[in-house]
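So you can see what is in the structure, the chains are spelled out below.
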Amino acid sequence: MTAGALTACVGRTPLVRLGRVVPGEAGRVLVKCEWFNPTGSYKDRMALAMIEEAERRGELEPGMTVVEYTGGSTGSSLAFVCAVKGYRLRVVSSDAFAAAKLRTMEALGAELTIVPSDRGRITPELMSRMVATAQEHAAEAGSYLTDQFHNRDSLVGYARLGEELLEQVDGPIDAFCAGVGTAGLAMGVSMVLTAAGSPTRIEVLEPASSAVISGEPPGAHHIEGVGVGVVPPLLDPSLYDQVRTVEENDARSMARRLAAEEGMLAGTSTGLNVAGASALADELGSACTVVTVAVDTGLKYLDGDLFAGSR
Ligand SMILES: Cc1ncc(COP(=O)(O)O)c(C=O)c1O
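Here the residue numbering is sequential within each chain, running from 1 through the sequence in written order. Residue-level local features of this predicted model are given only where pLDDT is at least 70; pairs of side-chain atoms are given and counted only at 80 or more, and the full residue set underlies all totals for whole chains, interfaces and linings. Excluded from the side-chain calculations are hydrogens and water; all other atoms, namely the structure's heavy atoms, are used.

**Overview of the site of the ligand**
Around the ligand, a shell composed of 17 residues is seen, among which Tyr 42, Lys 43, Gly 181, Thr 182 and Ser 269 lie nearest. Any pair of N or O atoms that falls within 3.5 Å is considered a polar contact. Within protein, one atom must be able to donate a hydrogen and the other to accept it, and sequence-neighbouring residues count only if both atoms are side-chain atoms. With respect to the ligand, the side chain of Lys 43 contributes an N or O atom lying 2.8 Å from an oxygen atom. Contact distances for the ligand include 2.8 Å between an oxygen atom and a backbone N or O atom of Ala 183. Areas reported here follow the Shrake-Rupley algorithm with a probe of radius 1.4 Å; residue values treat only the protein chains shown as occluding. For the ligand, whose unbound accessible area comes to 390 Å², protein coverage reaches 95%. Three categories are distinguished: nonpolar for Ala, Val, Leu, Ile, Met, Phe, Trp, Tyr, Cys and Pro, charged for Asp, Glu, Lys and Arg, and polar for the others, with Gly belonging to the last. The residue makeup of the shell around the ligand, split by class, is seven nonpolar, seven polar and three charged. The nearness test applies per residue and asks whether one of its heavy atoms lies within 4 Å of the molecule or strand.

**Overview of the packing of helix α1 (residues 43-57) against helix α2 (residues 73-85)**
In helix packing, the relevant descriptors are the interaxial angle and the interaxial distance, both defined with respect to the helix axes. Between α1 and α2, whose axes approach to 8 Å, the crossing angle comes to 50°. By the angle between their axes, α1 is oblique relative to α2. Here the hand of the crossing between α1 and α2 comes out right-handed. Along its contact with α1, which presents Lys 43, Asp 44, Met 46, Ala 47, Leu 48, Met 50, Ile 51, Glu 52 and Glu 55, the element α2 presents Ser 73, Thr 74, Ser 77, Leu 78, Phe 80, Val 81, Cys 82 and Lys 85. Here the contact of α1 with α2 is built from residues that sort into nine nonpolar, three polar and five charged. Throughout, an axis means a line fitted to C-alpha atoms (over the contacting stretch in the case of helices), and angles, computed between N-to-C directions, take values from 0 to 180 degrees. Elements are defined by DSSP. Helices are runs of H or I of four residues or more, strands are runs of E of two residues or more, and each kind is numbered from the N terminus. Any angle that is under 35 degrees is reported as roughly parallel, and any over 145 degrees as roughly antiparallel; angles of 65 to 115 degrees are reported as roughly perpendicular and all others as oblique. Note on convention: the crossing is left-handed when the near helix lies turned anticlockwise from the far helix by less than a right angle, right-handed when the turn is clockwise. It only takes one pair of heavy atoms within 4.5 Å for two residues to be counted as in contact.

And the structure:
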C-alpha cells in the first residue's frame, strides 16, 4: 500500500449483524459501523464531501477560512479534513454538547466560539443563536460557510455509504432507518437505494419528546445530533416512507445494551437508530433484513451520563 492523504481512509466501514439485542422472532438487523471513520463518526463522509465539492466548484481555495455551526461531530470531522488540507476552521458550538467533542475540535486545530445553553439543553432557540453567530463569522472576507443544514454536497458523501450497503448486504434490504438531524445521511442513502430499485422501506427516526417531523411541537432532549426542533430543509418527503418516534430512555438503554451485549461502543443517536431498527425488524418479521447505522463511537460520551449507570 502506498502512502496517501488520511482523508482516503474515510468510508468502507464494516457491516455487522446484531446477535442479542433484537427480539428472537424479529428479522435480522445489520449495522453499518461508522465509528471506523478517522474521527469516529459518519460525519467524516459529509465533511469531506462538503469541502471537496466546494473546492471542485472553485468556491473554496487555499488560504480561505471554513465556518460552521455544529454540535461537535460535524465540527470534529470538518476540523480533521481542514487539518489535512490546511484550511483555518472557525466553529460555533455550545456547552450543551459532549465536552469530548468540543476538545476534539480544538485538538484538531479548530477555533471555537461557545454559545451558552440553558442548563445543557439542546433547544431550537439555542440552535438559532448558533446559526446567527456562524453567519456573523461567515460575513468576514475569505470565509466559506459550509452550512450543513442546507448543504446538498453532504448527500454526495452519504451516497457512497448507500453504495457500500448495496455491495455489502447479501439479499434485499427490506428496510433502512436512521435518526434525522440535518437528514443528510437518511436522504443520501435513500437516494441511492431508490435509484438502484432496491425494495427498501425507508423510515426516519426522531426523539419522541421533539417529534417535529411527526407534526408535534419541538421539545428538549439529550440525544445529540438528532431532533433539532425544525423539519430540516434537506428532508425530502418523497425519499422516505414513514417517520417513527423513539423514547429517549429506549435510545439510551439500547446504547448501553449495544456496548455491554454486542461489544458495540457507540453514542446515544446510535441507540435511537438501533431501537428503531429493532422495532421495525420485530414488525416486519423473521424473514426481513433491516439496516441501520452506528453513527459514532461511544468514547465521545464517556464524560457524560450515558454509560454512568452501566457498572
Ligand atoms: C451524533 C449524531 N447522530 C446523528 C446525527 C444525524 O445525522 P444527519 O445530520 O445526517 O441527519 C448527527 C448529525 O449531526 C450526529 O451528530
